[in-house]
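# Notes for the structure review
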Amino acid sequence: MARRRIFARSRKERVYEKLLAHITGSNVPVNGRLASLGTLASRFGTSPGTVYAAMNELEKSGIVTKRHGSGTYVNVKHRGLSMADAVMLCFETRAHVFGDLAAMLAEQIQSRRHVVTIVDSSRLTADGAELMDRIRCTETRYFVVHTHAYFPYELFRHPAFLKKHVVALDKWTSNIDWPGLYRVLSRYNEGGEHVARHLWERGHRHALLMGTRSLDHYLQGVPAPEENAGRAFADEWTRLGGTWESAFADNAPGALMEMELEGPAFRAAFSKARRPTAIFGTMDAVALLAQQALRQWFTDLAPSVDIVGYGDTPWSRAASPALTTVSFDLPAMTAEAMRILAALWHG
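These notes cover the structure that comes with them. Owing to the predicted nature of the structure, the values given are computational and were not obtained by experimental measurement. (Residues numbered from 1 in each chain as written. Predicted model: local features only at pLDDT ≥ 70, side-chain atom pairs only at ≥ 80, totals over all residues. Heavy atoms only, no water.)

## Section: the overall build of the protein chain
How we decide: Numbering goes from the N terminus for both helices and strands, where a helix is a DSSP run of H or I of at least four residues and a strand is a run of E of at least two. Any two residues whose heavy atoms approach within 4.5 Å at even a single point are treated as in contact. Residue-level accessible areas treat just the shown protein chains as cover; the underlying method is Shrake-Rupley with a 1.4 Å probe.
Tallying secondary structure elements over the protein chain gives 13 helices and 13 strands in all. Sequence separation of at least 24 residues holds for 66% of the intrachain contacts in the protein chain that already meet a minimum separation of 6. Carbon and sulfur atoms form 50% of the exposed surface of the protein chain, whose accessible area is close to 17100 Å².

## Re the sheet that holds strand S3 (residues 87–91)
The cut-off we apply is this: Two strands make a pair as long as DSSP finds a minimum of two bridges between them. A fitted line through C-alpha atoms serves as each axis, taken over the contacting stretch for helices, and the angle formed by two N-to-C directions is quoted from 0 to 180°.
An order of S4-S3-S5-S6-S7 is seen for the 5 strands of this open sheet, with the pairing classed as parallel. The sheet is open, and its two borders are formed by strand S4 (116–120) and strand S7 (181–185), each paired with just one other strand. Averaged over all adjacent pairs, the angle separating strand axes in this sheet is 20 degrees, with direction ignored. Relative to S7, strand S6 (residues 165–170) is paired through 5 bridges, and the arrangement is parallel. Its bridge partner being in S7, Leu169 is matched across the sheet by Val184. Contacts from helix H13 (residues 330–346) reach S3, strand S5 (142–147), S6 and S7 within the one sheet, and its direction differs from that of S6 by about 170 degrees.

## Thoughts on the packing of helix H2 (residues 37–44) against helix H3 (residues 48–60)
The condition that has to hold: Note on terminology: angles under 35 degrees are roughly parallel, angles over 145 are roughly antiparallel, angles of 65 to 115 are roughly perpendicular, and the others are oblique. Each residue gets one label: Ala, Val, Leu, Ile, Met, Phe, Trp, Tyr, Cys and Pro are nonpolar, Asp, Glu, Lys and Arg are charged, and the others, such as Gly, are polar.
Remark: H2 packs on H3, axes separated minimally by 8 Å, with the N-to-C direction vectors making an angle of 105 degrees. When the axis of H2 is compared with that of H3, the two are roughly perpendicular. Note on element contacts: H3 touches H2 through Pro48, Val51, Tyr52 and Met55, opposite Leu37, Leu40 and Ala41. A class-by-class count of the residues in the contact of H2 with H3 yields 7 nonpolar, no polar and no charged.

## What to know about unusual backbone geometry
To be explicit about the condition: Relative accessibility decides the category of a residue: with a 1.4 Å probe and only protein chains considered, values under 20% of the type maximum give buried, values over 50% give exposed, and everything between is partly exposed.
Each neighbour pair has its own omega, and for Ser320 with Pro321 the value is 0 degrees, a cis peptide bond. Positive phi, close to 75 degrees, is recorded for Asn31, a residue that is not glycine. Since its relative accessible area comes to 53%, Asn31 is described here as exposed. Its identity as a non-glycine residue notwithstanding, Asp312 has a phi of 55 degrees, on the positive side. Tracing the backbone through its elements, the reader meets Asp312 in the loop between strand S12 (306–310) and helix H12 (314–318).

## Notes on the packing of helix H7 (residues 188–201) against helix H9 (residues 229–240)
Here is the rule: The sense of a crossing depends on the near helix, which, turned anticlockwise from the far helix by less than a right angle, makes the crossing left-handed and, turned clockwise, makes it right-handed.
Relative to each other, H7 and H9 sit at 40 degrees, their axes nearing to 7 Å. On the basis of the axis angle, H7 is oblique to H9. For the pair H7 and H9, the sense of crossing is right-handed. Listed contacts from H9 to Tyr188, Asn189, Gly192, Glu193, Val195, Ala196, Arg197, Leu199 and Trp200 of H7 are Ala229, Ala232, Phe233, Glu236, Trp237 and Leu240.

## Concerning helix H11 (residues 284–297)
Heads up, the rule is: Working rule for helices: expected span equals 1.5 Å times residues minus one.
Taking 1.5 Å of rise per residue, the 14 residues of H11 would be expected to cover 20 Å, and the 20 Å separating its terminal C-alpha atoms lies within 8% of that figure. With respect to burial, H11 is a largely interior element, 10 of its 14 residues being buried. Listing the buried residues of H11 in full gives Asp284, Ala285, Val286, Ala287, Leu288, Leu289, Ala290, Gln291, Ala293 and Leu294.

## Let's talk about the sheet that holds strand S11 (residues 278–281)
Taken together, 6 strands build an open sheet; the order of strands is S10-S9-S8-S11-S12-S13 and the sheet is mixed. Each edge of the sheet is formed by a strand with only one pairing partner; in this case those strands are strand S10 (259–261) and strand S13 (324–326). On average, each strand axis in the sheet is tilted by 25 degrees relative to the strand beside it, whichever way the strands run. Here S11 pairs with S12 via 3 bridges, running parallel. Of the residues in S12, the one forming a bridge with Ala278 is Asp306. Packing against the sheet, H9 makes contact with strand S8 (206–212), strand S9 (243–251), S11 and S12, and its axis sits at approximately 165 degrees to S8. Against the sheet, H11 touches S8, S9, S10, S11, S12 and S13, its axis set at about 155 degrees to S12.

Everything listed here is a matter of geometry and, on its own, says nothing about what the molecule does.
The following block contains the structure:
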């Protein structure tokens, strides 16, 4: 997994967090007086001026009150939550794999006493500029986003994002870059190559590669803006000496799995004298459609064809028999994203 360097926060921000931790964790009661600026400066290894600036921020938050000639007093032993404390998750919430990843992240973030807000990234394009403008202008400073080929990267072109931190999960296909961007990338190519070797070792030599229409561009040699499991499978399968052909599924809102198989190419592949003996679906939903189509159109062949999916989603388990599939290491992606967030929170 690739990642970028963590950039430290300002000295005042770090002292602010130390003061807050001191107030919430010390024996100083509500209405109790804090130590002098000089004493606190020595404790935190900084200057009285930095402590004074951080104390001003605590006063603005209502946590302390400064009384002229008397000192600084504690109002509350905790601070109220604001959108600045929140982490905004931008995910395709209906996508099984990354919906699960969003849920894992939300649980981890909340366990660290941060607020979580969730935006369905598929709505960023559907609802247009208004929603994106509202996200840009929010007080939220931390974002975790599931990025992919269709993600509206123009969201990050706004100058406001120069002061925000974005952890990009899965893929990053944009040339937009800034110091607040951190990446946790999954390795799609390795998954496709692994499937090719798995099917080859099982004795298959002619395979059917299936995906959505976007896969067709990659198979025709168009430079891929991102890693693609189907293209990786085709390259590795060819290197091993196998042959393959392709068939596709299209988005079909309202249909089961919101996808529909393009039947003519599929039927043509299994009507030839040399038929595929294995199918690799670059999504579990596509692999399940292939299994259903085989049973409908080629009942006698269906038991002898190996089918492998991608994603380890509920669609793979809904198949009968259940599909062999490639699993994403969601716990590892969650752990890496949380490591980055923790470093940002604590400076």
